[in-house]
Amino acid sequence: MAAEVLAQGGARVTVFDTMPSAGRKFLMAGRGGLNLTHSEPLPQFMARYREAAPRLQATIEEFPPDALRAWSEALGEPTFVGTSGRVFPKAFKASPLLRAWLRRLDAAGVQFAFRHRWSGWDGDGRLLFQTADGASAVAACATVLALGGASWPRLGSDGSWVDILAAKGVAVARLRPANSGFRVAWSDVFRDRFEGQPLKGVALTIGAHTVRGEAMITRSGIEGGAIYALSAELREAVLDLGQARLMVALRPDLDAAALTTRLSGTRGKQSLANFLRKAAQLSPVGIGLMQEAAIASGRPLASFSPAELAQLINAIPVQLTGVAPIDRAISTAGGIRFDELDEHFMLRKLPGVFAAGEMLDWEAPTGGYLLQASFATGAAAGRDVLQWLAGATPSLRA
Ligand SMILES: Cc1cc2nc3c(=O)[nH]c(=O)nc-3n(C[C@H](O)[C@H](O)[C@H](O)COP(=O)(O)OP(=O)(O)OC[C@H]3O[C@@H](n4cnc5c(N)ncnc54)[C@H](O)[C@@H]3O)c2cc1C
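Residues numbered from 1 in each chain as written. Predicted model: local features only at pLDDT ≥ 70, side-chain atom pairs only at ≥ 80, totals over all residues. Heavy atoms only, no water.

Let's talk about the site of the ligand
At step 1: In the vicinity of the ligand, 25 residues are found, and the nearest of them are Asp17, Asn35, Ser157, Glu358 and Leu371.
At step 2: Asp17 is positioned with one of its side-chain polar atoms (N or O) 2.5 Å from an oxygen atom of the ligand.
At step 3: The contact in question runs from an oxygen atom of the ligand to an N or O atom on the side chain of Ser157, over 2.5 Å.
At step 4: When isolated, the ligand has an accessible area of 1,000 Å², and the protein chains bury 89% of it.
At step 5: For the shell around the ligand, the secondary-structure elements that each account for two or more residues are helix 2 (24-30), strand 6 (117-121) and helix 15 (369-392).
At step 6: Tallied by class, the residues present in the shell around the ligand amount to 11 nonpolar, 10 polar and four charged. (Near = heavy atom within 4 Å. Polar contact = N/O pair within 3.5 Å; in protein donor to acceptor, adjacent residues only side chain to side chain. Areas by Shrake-Rupley, 256 points an atom, 1.4 Å probe, with all protein chains shown as cover. Helix = DSSP H or I, 4+ residues; strand = E, 2+ residues; numbered from the N terminus. Nonpolar A, V, L, I, M, F, W, Y, C, P; charged D, E, K, R; others polar.)

Re the nonpolar core
Soluble globular proteins tend to bury their nonpolar side chains together.
At step 1: In terms of nonpolar packing, the biggest core is built from 66 residues, with Tyr49, Leu165, Ile336, Trp362 and Phe375 touching the most fellow members.
At step 2: For this core, the element with the highest residue contribution is helix 15, accounting for 12 residues.
At step 3: The residues touching Ile336, leaving out its near neighbours within four places in the chain, are Trp161, Leu165, Val170, Ala171, Val172, Leu341, Leu347, Ala355, Met359, Leu360 and Asp361.
At step 4: Residues Phe190, Leu263, Leu272 and Leu309 belong to the second largest nonpolar core, which totals 48 residues. (Core = buried A, V, L, I, M, F, W, Y, C linked by side-chain atoms within 4.5 Å. Buried < 20%, exposed > 50% of the residue type's maximum accessible area, 1.4 Å probe, protein only. Contact = heavy atoms within 4.5 Å.)

Re the pairing of strand 12 (residues 198-206)
At step 1: Note that strand 12 and strand 13 (residues 209-217) share seven bridges and pair antiparallel. Within strand 13, the position partnered with Leu204 by the bridge is Val211.
At step 2: Two successive antiparallel strands, strand 12 and strand 13, enclose a turn made up of two residues, where Gly207 displays a positive phi of approximately 55 degrees.
At step 3: Bridge analysis of strand 12 against strand 15 (residues 244-249) gives three bridges, and the strand direction is antiparallel. Note that in strand 15 the partner of Thr205 across the bridge is Met247. (Pairing = 2+ DSSP bridges.)

A short note on the domain arrangement of the chain
At step 1: One can read the domain layout of the chain as domain 1 (2-178 + 328-397) and domain 2 (182-323).
At step 2: The gap between the C-alpha centroids of domain 1 and domain 2 is 39 Å.
At step 3: Counting residues at the interface gives 10 residues for domain 1 and nine residues for domain 2.
At step 4: Carbon and sulfur atoms supply 53% of the area buried between domain 1 and domain 2, which totals about 660 Å² over both sides.
At step 5: Together, Arg50, Arg176 and Pro177 form the three largest contributors to the area buried by domain 1 at its contact with domain 2, with a combined 46%.
At step 6: Joining domain 1 to domain 2, the criterion identifies three salt bridges.
At step 7: Here Glu236 ties to Arg176 by a salt bridge, and the two come within 3.4 Å at their closest N and O atoms.
At step 8: Linking domain 1 with domain 2 are four residue pairs in polar contact (both at pLDDT 80 or more).
At step 9: Among the elements that make up the side of domain 1 that touches domain 2, the one with the highest residue count is strand 10 (residues 172-178) (four residues). (Domains from an automatic or database assignment. Buried area = accessible area lost by both parts, 1.4 Å probe. Salt bridge = Lys/Arg side-chain N within 4 Å of Asp/Glu carboxyl O.)

What to know about the pairing of strand 18 (residues 331-336)
At step 1: Most of strand 18 is tucked away, with six of its six residues classed as buried.
At step 2: Note: strand 10 against strand 18, five bridges, orientation antiparallel. In the sheet register, Val172 faces strand 18, and the bridge partner there is Ile336.

Quick look at helix 14 (residues 306-313)
Note on helix geometry: an α-helix contains 3.6 residues per turn, so any two residues three or four positions apart are oriented the same way.
At step 1: Where helix 14 is concerned, the buried positions are Leu309, Ala310, Leu312 and Ile313. The buried residues of helix 14 occupy an angular sector of 165 degrees when projected down its axis, which confines them to one face.
At step 2: Where helix 14 is buried, its residues contact strand 15, helix 11 (256-263), helix 12 (272-280), helix 13 (284-297) and strand 16 (316-320). (Arc of directions from axis to C-beta.)

Description of the environment of Ala215
At step 1: Within the fold, Ala215 resides in strand 13.
At step 2: A relative accessible area of 1% means that Ala215 is categorised as buried.
At step 3: On a C-alpha basis, the gap between Ala215 and Tyr228 in space is 8.9 Å, while along the polypeptide they are 13 residues apart.

Structure representation (structure tokens):
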């Protein structure tokens, strides 16, 4: 986005990327329909960026969700608002949008240099790249770093920029997985039977934070939308204490009294699982989760009274023992600290070097907030570079 704004402003722009083609992670995001942004009111929207919200507020106000939707539409990809309020292109994928965007950048004169891995600066301040033909050095009037986080490194962003910037004295908050899964030591029986199965319509709680939605049982733990929405709280608890206790409510709309009444009927010859399934409309995976908790508590589920079962249904403890590796996380927390940037996204310690996107120290849940902030900060960095070039050295504008 910075390249587009710069080219429109008359700058000569080259995009260097370590990958053989553009937008690998953008295309991957497209596999889930490309959730570009979200339609909720801006105050609610901004709250998703947590502590970083004040640092992003003006930038997102200047390039808000409606601007991103208009941008997509102008590229021939109109958007729609899904039932959850999330915004997607009607094509529900990234490739047509990316193709149209690359055509427009090409028409604006933006050059692309692929298979160029940036590795820092030489003694004369030129950008250094590793290429198949060896090292190359490029002099630039200004540089926008938009190197992403460290999740899904095979798509290009591997966080190798951290050491380069740290060597220049730039403070970087440690890169950590965001919107990631967590490890759980499931029993073999539970893992083999329920791997890949969703827990639907559940409420998940850690501390004072509760989220409704869906979670997925994986071989090594648990992931999915509701887990991602809590991933910052869960991650910090796991990293601080080595583990975290997630509470799962299978029937969050029914209180304990209503559930107890349902479970006080006669069971007859039904198995406990069948009884729970019919009386409380629980899924087999939900009942399996209750069994796991009962085993951990040292008491068979069959010995629970109706009131105890009712209690457990909406407060199943699941012990998280680790965070899934960052290379499988959807995004990255941490990055260049905002204090290292001036109000124009320029690194205070490196005049002429700007930064944008996921490599900055913000995080947000899934829902379109990641792309929105990446686009908005990219657009801002582009505008700021134009301004800086105009003010600093007008003769270098070309
Ligand atoms: C599976 C998946 C699904 C997602 N779905 C969504 C979604 O639906 N909605 C949403 O909002 N977000 C989604 N995201 C997150 C979103 O894709 C990212 O937040 C966004 O792409 C970040 O943009 P960026 O430009 O900052 O970084 P990136 O898109 O990661 O781009 C950084 C670029 O820098 C290049 N690079 C890195 N290091 C170097 C180097 N040393 N030299 C040269 N080039 C380098 C990389 O090759 C890459 O092309 C998803 C992510 C994943 C992994």
